[in-house]
Amino acid sequence: MLAIIGGSSLVKLPILEVTHRQVVRTPYGDPSCALTFGRIGMQNVVFIARHGYGNSIAPHEINYRANIWALHSVGVKGVIAIGSVGGIRPDMVPGSLVIPDNIVDYSWGRKHTFFEGPDKPVVHVDFTWPFDGELRARLLQTSRKAGLSVIDGAVYACTQGPRLESAAEIRRIERDGADIVGMTGMPEAALARELALPYANLSLVVNWAAGKGCSEIVRFDEARIGLHVREVEKILLTL
Ligand code: HPA
């Protein structure tokens, strides 16, 4: 069974043939919402809306530990995390689908590890390559089979939000080597790694990052978000 974590543009997954829902409690508190189980094509899937079904939980308020713990506790074999991002690199044009291969983390103050507290060992998980190679390859292959062009490889910068970045922050993030910017990639990816859960990210570019493109301010392309959702559905149907 694969887990799908839906971002703000994917609160529901109409293509999911729902079998049941389950409220999961964890030692870390409550996940964003109940887990929805079902099938997409031949694939058994469990879906969770990262921001809650009402899309009301801000990126810095998400209980990432509870979400990842809950998915692990129901026995998923991998996690596909979907999220919206801003494009920094010139080819990360709004409308692009990107499967990043690395991360720079600028978030702060989030509960970011399972290994803390007096009863837990100190563990330093390897995070050289934050995303699972096999799951990335599967996602890429599936996307291409579905006839969609996806960008293979990018550095994802995770900012704290909920505000967007200043133009100077984006210039700095770009100098740091990042290509796209979002608010939810971390600590989610690291928590999945701590539980040895294969995890890959599918990023939907919905705007030019601050100071990029030709708009004075950041503009989200609402029409594009609708198209993205259909593209993501195509990918998931091909999984
Ligand atoms: N910055 C951070 N997060 C985002 C953006 C952005 O420009 N667009 C969508 N999520």
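In this text the structure is predicted, and so the values were computed from the model without any measurement.

Asks: Mind laying out the overall build of the protein chain, listing which residues take part and the relevant values?
Replies: Scanning the protein chain from N- to C-terminus turns up five helices and 11 strands. The C-alpha atoms of the protein chain give 17 Å as radius of gyration, which agrees with the globular expectation for 239 residues (18 Å, within 12%). Projected onto the principal axes, the alpha-carbon positions of the protein chain cover approximately 45 × 45 × 30 Å. A burial count over the protein chain gives 54% of its 239 residues as buried. Pairs at least 24 residues apart make up 80% of the contacts formed inside the protein chain by residues separated by at least 6 positions. The average position of the 25 basic charges and that of the 24 acidic charges among the side chains of the protein chain differ by 4 Å.

Asks: Pulling in residues and values, what's your account of the site of the ligand?
Replies: Ser84, Val85, Gly86, Leu164, Glu165, Val181, Gly182, Met183, Val206, Asn207 and Phe220 make up every residue found near the ligand. Separating a nitrogen atom of the ligand from a backbone N or O atom of Ser84 is a distance of 3.3 Å. Here a nitrogen atom of the ligand sits 2.8 Å away from a polar atom, N or O, in the side chain of Glu165. Here the ligand, which alone exposes 260 Å², has 94% of that area covered by the protein. Among the elements that take part in the shell around the ligand, strand E5 (residues 78–87) stands out by supplying three residues, more than any other. The residue inventory of the shell around the ligand, partitioned by class, reads six nonpolar, four polar and one charged.

Asks: Please give an account of the side chain of Glu233 that cites residues and values.
Replies: Looking at the secondary structure, you find Glu233 in helix H5 (residues 222–238). Although buried, Glu233 forms no salt bridge, and the nearest oppositely charged side chain, Arg230, lies 5.8 Å from it.

Asks: Account for the pairing of strand E4 (residues 43–49), with residues named and values stated.
Replies: Burial analysis of E4 places six of its seven residues in the buried class, which makes it a mostly covered element. The pairing of strand E1 (residues 2–6) with E4 spans five bridges and is parallel. Looking at E4, one finds that Ile4 is bridged to Phe47. Note that strand E3 (residues 35–40) and E4 share five bridges and pair antiparallel. Within E4, the residue paired with Ile40 across the bridge is Gln43. Taking the residues that link successive antiparallel strands as the turn, the E3-E4 hairpin has two residues, and the phi of Gly41 there is positive, at about 60 degrees.

Asks: Tell me what's going on with the nonpolar core, and back it up with residues and numbers.
Replies: Residues Leu13 and Leu202 are the most contacted members of the largest nonpolar core, which totals 66 residues. When sequence neighbours within four positions are dropped, the list of residues in contact with Leu13 reads Ile4, Ile40, Phe47 and Leu236. Core analysis: the second largest hydrophobic core is formed by 10 residues, Val155, Ile170, Val181 and Ala210 among them.

Asks: Before we move on, can you summarise the packing of aromatic side chains with the specific residues and values?
Replies: Within the structure shown, the criterion is met by four aromatic pairs. Centroid distance Tyr28 to Trp69: 5.2 Å. Interplanar angle 65 degrees. Geometry classified as edge-to-face. In this pair, Tyr28 sits in the loop between strand E2 (17–22) and E3 while Trp69 sits in helix H1 (residues 64–73), placing the two residues 41 residues apart along the sequence. For the ring pair Phe131 and Tyr199, a centre distance of 6.2 Å and an interplane angle of 15 degrees mean the geometry is stacked.

Asks: Report on the pattern of salt bridges, specifying residues and quantitative values.
Replies: In this structure the tally under the stated criterion is 10 salt bridges. Among the salt bridges present, the one from Arg224 reaches Glu231, with a minimum N-O distance of 3.4 Å. Considered together, Arg224 and Glu231 belong to a single accessibility category, that of buried residues. Connected through shared salt-bridge partners, Arg65, Lys111 and Glu116 make up one network.

Reading the values: the criteria
Residues numbered from 1 in each chain as written. Predicted model: local features only at pLDDT ≥ 70, side-chain atom pairs only at ≥ 80, totals over all residues. Heavy atoms only, no water. Helix = DSSP H or I, 4+ residues; strand = E, 2+ residues; numbered from the N terminus. Rg over C-alpha atoms; globule rule 2.2 N^0.38 Å. Buried < 20%, exposed > 50% of the residue type's maximum accessible area, 1.4 Å probe, protein only. Contact = heavy atoms within 4.5 Å. Lys, Arg positive; Asp, Glu negative; His and termini not counted. Charge placed at Lys NZ, Arg CZ, Asp CG, Glu CD. Near = heavy atom within 4 Å. Polar contact = N/O pair within 3.5 Å; in protein donor to acceptor, adjacent residues only side chain to side chain. Areas by Shrake-Rupley, 256 points an atom, 1.4 Å probe, with all protein chains shown as cover. Nonpolar A, V, L, I, M, F, W, Y, C, P; charged D, E, K, R; others polar. Salt bridge = Lys/Arg side-chain N within 4 Å of Asp/Glu carboxyl O. Pairing = 2+ DSSP bridges. Core = buried A, V, L, I, M, F, W, Y, C linked by side-chain atoms within 4.5 Å. Phe/Tyr/Trp six-rings, centres within 6.5 Å; stacked < 30°, edge-to-face > 60°.

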